[in-house]
Amino acid sequence: MSFGKILTLSSGAPLPQIGLGTWLSKPKEVENAVEIAVRNGYRHLDLAMIYQNQDEVGAALKKVIPSVVKREELFLTSKLWNSAHQPGEVEKELDETLKQLGVEYLDLYLVHWPVAFTPGKGLVPPHPTKKGEAELDLEISLVETWKAMIALPKSKVRNIGVSNFTIEHLEGIISATGVVPVANQIEAHPLLPQDDLVAYCKSKNIHITAYSPLGNNLIGEKKLTDEPVVEEIATRLGATTAQVLVAWGVYRGYSVIPKSVQESRIISNFKQVELSKEDYEKLSALGHGRHVRYNIPYRYDPVWDIALFGEPEEAKATHKVKIA
Ligand SMILES: NC(=O)c1ccc[n+]([C@@H]2O[C@H](COP(=O)([O-])OP(=O)(O)OC[C@H]3O[C@@H](n4cnc5c(N)ncnc54)[C@H](OP(=O)(O)O)[C@@H]3O)[C@@H](O)[C@H]2O)c1
């Protein structure tokens, strides 16, 4: 069985390039998906407290450790949720994640978003006065949270990183602490190449993990897997459209974490195909003059009334990220 290509993080840790995403994988689906994935060669799983399915992932891990894999052969990433950014909450939530997964340590722990929520009110607390808004904690800074991440014991977390951070957010935490995140997990696909952020991360040796590589479509755009140019390349290479999109991220050196709960897709998404320079450029051209970011929390329900990315959709947001 092939286990796919292995990349190396700045810490020296080996990272299997293709991982399984688990966001929106429903209860009763994700346990099965994780078991199928591991039995078919996946060694990298992308998880998070907010996906509210880590118990089920834990049940699947029990089925495959140690009969199919040893714990140390897996690369488990999970993420600190917004409602645990306060320094006193960070290790507590990590402990909860470890308990849900039934493991002693994570390979990578990420700050999920550069946004803090009020703790102790559930994962997405509603705003007390303005109905329909997530309740932000505007006092807590990214630097305070990052310091608490740095202080986590190595016995529980091998590597720390961030997700959805811009250059400004990264600069802020690095200049305040001197500790560079090992990875930044960001939305990345041909319609959102984020070249400046990618170049910055490269200069700091911050690994990029590409999320929503298939363009998980929550906003009514045409699915990337249905784009004619993706279909044309896939047909020519004898590949699936999803494999072609994963290959675009691989060409750029990312780790890529497509999500599926369907057995045949879980299996085929993991099989890497290689793109020629010409095909890579054809795919990249999809994003010339067309910029699509699927994941903007200002569009969420409940809305997060904060500007994160400088997107036009965020123009009316009231708040900014407190970096330091
Ligand atoms: N850090 C963050 O803030 C963040 C944000 C978003 C995502 N993520 C992570 O990244 C992972 C991947 O991103 P994503 O879930 O947003 O989107 P994605 O992996 O790009 O797309 C998932 C969608 O594509 C479908 N799909 C899967 N394989 C397919 C195939 N071969 N052909 C056609 N459709 C296919 C899936 O449906 P089926 O399940 O029915 O196959 C699902 O609807 C997430 O699961 C999560 O782990 C992180």
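Residues numbered from 1 in each chain as written. Predicted model: local features only at pLDDT ≥ 70, side-chain atom pairs only at ≥ 80, totals over all residues. Heavy atoms only, no water.

Draft legend 1. Layout of the nonpolar core. Residues Val34, Leu61, Met149 and Leu170 are the most contacted members of the largest nonpolar core, which totals 92 residues. With near-sequence residues (within four places) excluded, leucine 170 lies in contact with Val162, Phe165, Pro181, Asn184, Leu197, Tyr200, Cys201 and Ile206. Membership of the second largest hydrophobic core comes to eight residues, among which are Ala13, Leu15, Leu110 and Val182. (Core = buried A, V, L, I, M, F, W, Y, C linked by side-chain atoms within 4.5 Å. Buried < 20%, exposed > 50% of the residue type's maximum accessible area, 1.4 Å probe, protein only. Contact = heavy atoms within 4.5 Å.)

Draft legend 2. A look at the sheet that holds strand 8 (residues 183-187). Strand order in the open sheet formed by eight strands is 3-4-5-6-7-8-9-10, and the pairing between neighbours is parallel. The open sheet has two edge strands with one neighbour each: strand 3 (20-21) and strand 10 (255-256). In this sheet, strand 8 lies alongside strand 7 (residues 160-163) in parallel orientation, the contact comprising two bridges. Considered in strand 8, the bridge of serine 163 is made with glutamine 185. With respect to the sheet, helix 4 (residues 142-150) is in contact with strand 5 (75-80), strand 6 (108-111) and strand 7, its orientation differing from that of strand 7 by roughly 150°. (Pairing = 2+ DSSP bridges. Helix = DSSP H or I, 4+ residues; strand = E, 2+ residues; numbered from the N terminus. Axes fitted to C-alpha atoms, helices over the stretch in contact; angles between N-to-C directions.)

Draft legend 3. Summary view of the site of the ligand. Around the ligand there are 27 residues in total, and Asp46, Ser212, Leu214, Lys259 and Ser260 lie nearest to it. In this structure, an oxygen atom belonging to the ligand sits 2.8 Å away from a main-chain N or O atom of lysine 259. A distance of 2.9 Å separates an oxygen atom of the ligand from a polar atom in the backbone of valine 261. Within the complex, 90% of the 890 Å² of free accessible area of the ligand lies under protein. When grouped by side-chain class, the residues that make up the shell around the ligand number 10 nonpolar, 13 polar and four charged. (Near = heavy atom within 4 Å. Polar contact = N/O pair within 3.5 Å; in protein donor to acceptor, adjacent residues only side chain to side chain. Areas by Shrake-Rupley, 256 points an atom, 1.4 Å probe, with all protein chains shown as cover. Nonpolar A, V, L, I, M, F, W, Y, C, P; charged D, E, K, R; others polar.)

Draft legend 4. Up close: the packing of helix 2 (residues 54-64) against helix 3 (residues 87-101). Relative to each other, helix 2 and helix 3 sit at 45°, their axes nearing to 6 Å. Here helix 2 is positioned oblique relative to helix 3, judged by the angle of their axes. Residues Gln54, Asp55, Val57, Gly58 and Leu61 of helix 2 touch helix 3, and the partners they reach there are Thr97, Gln100 and Leu101. (Parallel < 35°, antiparallel > 145°, perpendicular 65-115°, else oblique.)

Draft legend 5. Expanded view of the pattern of salt bridges. Scanning all chains against the criterion turns up 17 salt bridges. Among the ionic pairs, aspartate 46 bridges to lysine 79, the shortest N-O distance being 2.7 Å. Of this pair, aspartate 46 sits in strand 4 (residues 44-46) while lysine 79 is found in strand 5, placing the two residues 33 residues apart along the sequence. In this structure, lysine 282 and glutamate 232 form a salt bridge, with 3.1 Å as the shortest nitrogen-oxygen distance. Taken together, the positions of lysine 282 in helix 10 (residues 277-285) and glutamate 232 in helix 7 (residues 228-237) put the pair 50 residues apart, joining distant regions of the chain. The partly exposed category is assigned to lysine 282, whose relative accessible area is 39%. Residue classification places glutamate 232 among the partly exposed positions, given a relative accessible area of 32%. (Salt bridge = Lys/Arg side-chain N within 4 Å of Asp/Glu carboxyl O.)

Draft legend 6. Representation of the UniProt feature "site: Lowers pKa of active site Tyr" (unreviewed entry) in the chain within the structure. Mapped onto this numbering, the UniProt entry gives "site: Lowers pKa of active site Tyr" (unreviewed entry) at Lys79. Look past the residues within four positions of lysine 79 in its chain and what remains in contact with it is Asp46, Leu47, Ala48, Met49, Tyr51, Glu93, Tyr109, Leu110, His112 and Gln185. (UniProt positions renumbered as here; feature names shortened; annotations may be inferred.)

Draft legend 7. Region of the structure containing the packing of aromatic side chains. Across all of its chains, the model carries 11 aromatic pairs by this definition. Summarising the aromatic geometry, the rings of tyrosine 300 and tryptophan 304 are spaced 5.1 Å apart at their centres and angled 80° between planes, so their arrangement reads as edge-to-face. Accessibility expressed as a relative area gives 25% for tyrosine 300, which makes it partly exposed. The class for tryptophan 304 is buried, based on a relative accessible area of 3%. Site record: aromatic cluster; members linked through ring pairs are Trp81, Trp113, Phe117, Tyr300, Trp304 and Phe309. A cation over an aromatic ring shows up here: arginine 71 above the ring of tyrosine 105, its NZ or CZ 3.9 Å from the ring centre. A cation over an aromatic ring shows up here: arginine 293 above the ring of phenylalanine 309, its NZ or CZ 3.8 Å from the ring centre. (Phe/Tyr/Trp six-rings, centres within 6.5 Å; stacked < 30°, edge-to-face > 60°. Lys NZ or Arg CZ within 6 Å of the ring centre and 35° of its normal.)

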